[in-house]
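Each chain, written out:
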Amino acid sequence: MKALLSAIAGVVMIGSLAHADGLDAPKGDVVVVITGNISNTNQGDTAVFDMDMLENLPGLSKTLETPWTEEATTFSGPRLQALLREVGAQGSKLIVKALNDYSAEVPMEDADKFETILATRMNGDLMSVRDKGPLFLIYPFDTNPELFNEKYFSRSVWQISEVEVVE
Ligand SMILES: Nc1nc2c(c(=O)[nH]1)N[C@H]1C(S)=C(S)[C@@H](COP(=O)(O)O)O[C@H]1N2
Ligand SMILES: [Mo]
């Protein structure tokens, strides 16, 4: 009887651990879909996130100048690295796709090498599509001025709707 009870307790524990590892389903509107080589999904082979899920990931806030803003501007949101960890991304590059059909190839190592932010907010406010929202990939131009050039500007995708993880 004791053995049976502890066996049951074991199964229950494994069950709840598995649940803790899984990705919750979004409660609000889906902001971004992560596709490709990921191990943590919540919608078929993909992982979808609403704004609350994104803003609950480990994040960052930085005030910096960009080619797209008139003056120093504060961007905040999850670290790209945190999102990639959350979905169990395995690969070498990302195809970051925008609502306007623009897309850019971003080496996955940019997420670890630099404090790249998947910005959800500009000066504290959510960004409308007109204001380059809902998501804008921001490189740390303040601490890494060597990134302030066309190579990284082209990776600074705004109006992001999908991130594909590629080998
Ligand atoms: N969504 C989206 N992001 C984008 C682009 C785009 O067309 N759409 N162009 C990229 C490129 S190639 C560069 S150089 C810069 C251009 O910014 P600009 O159009 O303000 O000069 O943004 C990048 N991010
Ligand atoms: Mo560009």
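Above this text is the structure in question.
Residues numbered from 1 in each chain as written. Chains lettered and ligands numbered in written order. Predicted model: local features only at pLDDT ≥ 70, side-chain atom pairs only at ≥ 80, totals over all residues. Heavy atoms only, no water.

Trainee: Teacher, can you tell me more about the site of ligand 1 here?
Mentor: Taken together, Trp68, Ala98, Asn100, Tyr102, Glu150, Phe153, Ser154, Ser156, Val157 and Trp158 form the complete shell of residues around ligand 1. In this structure, Ser156 approaches ligand 1 through a main-chain N or O atom, which is 3.0 Å from a nitrogen atom. Relative to its free-state accessible area of 530 Å², ligand 1 is covered by the protein chains to the extent of 66%. Residues of the shell around ligand 1, tallied by class, amount to six nonpolar, three polar and one charged. (Near = heavy atom within 4 Å. Polar contact = N/O pair within 3.5 Å; in protein donor to acceptor, adjacent residues only side chain to side chain. Areas by Shrake-Rupley, 256 points an atom, 1.4 Å probe, with all protein chains shown as cover. Nonpolar A, V, L, I, M, F, W, Y, C, P; charged D, E, K, R; others polar.)

Trainee: What am I meant to see in the pattern of salt bridges here?
Mentor: Once the charged atoms of two side chains with opposite charge are near each other, the side chains can pair. Per the stated rule, a full pass over the model turns up eight salt bridges. Ionic pairing is found between Glu162 and Lys97, a salt bridge with its closest N-O pair at 3.3 Å. With Glu162 in strand β11 (residues 160-166) and Lys97 in strand β5 (residues 93-98), the pair connects residues that are 65 residues apart, well separated along the chain. By relative accessible area, Lys97 is classed as partly exposed at 24%. One salt bridge connects Lys97 with Glu164, and the closest N-O pair in it is separated by 2.8 Å. Residue Lys97 is located in strand β5, and its partner Glu164 is located in strand β11; the two are separated by 67 residues in the primary sequence. Look at Glu164 and you get partly exposed, because its relative accessible area is 26%. (Salt bridge = Lys/Arg side-chain N within 4 Å of Asp/Glu carboxyl O. Helix = DSSP H or I, 4+ residues; strand = E, 2+ residues; numbered from the N terminus. Buried < 20%, exposed > 50% of the residue type's maximum accessible area, 1.4 Å probe, protein only.)

Trainee: Before we go on, may I ask you to explain unusual backbone geometry in this structure?
Mentor: Working note: non-glycine residues mostly have negative phi, and peptide bonds are mostly trans. Omega for the peptide link from Gly133 to Pro134 comes to 5°, which places this bond in the cis form. Mapped onto the fold, Pro134 is located in the loop between β9 (125-126) and β10 (136-138). Positive phi, close to 75°, is recorded for Asp101, a residue that is not glycine. As for its placement among the helices and strands, Asp101 is situated in the loop between β5 and β6 (103-107). Located in the positive-phi region is Asn123, a residue other than glycine, with phi close to 50°. Looking at where Asn123 falls in the secondary structure, it is placed in the loop between β8 (121-122) and β9.

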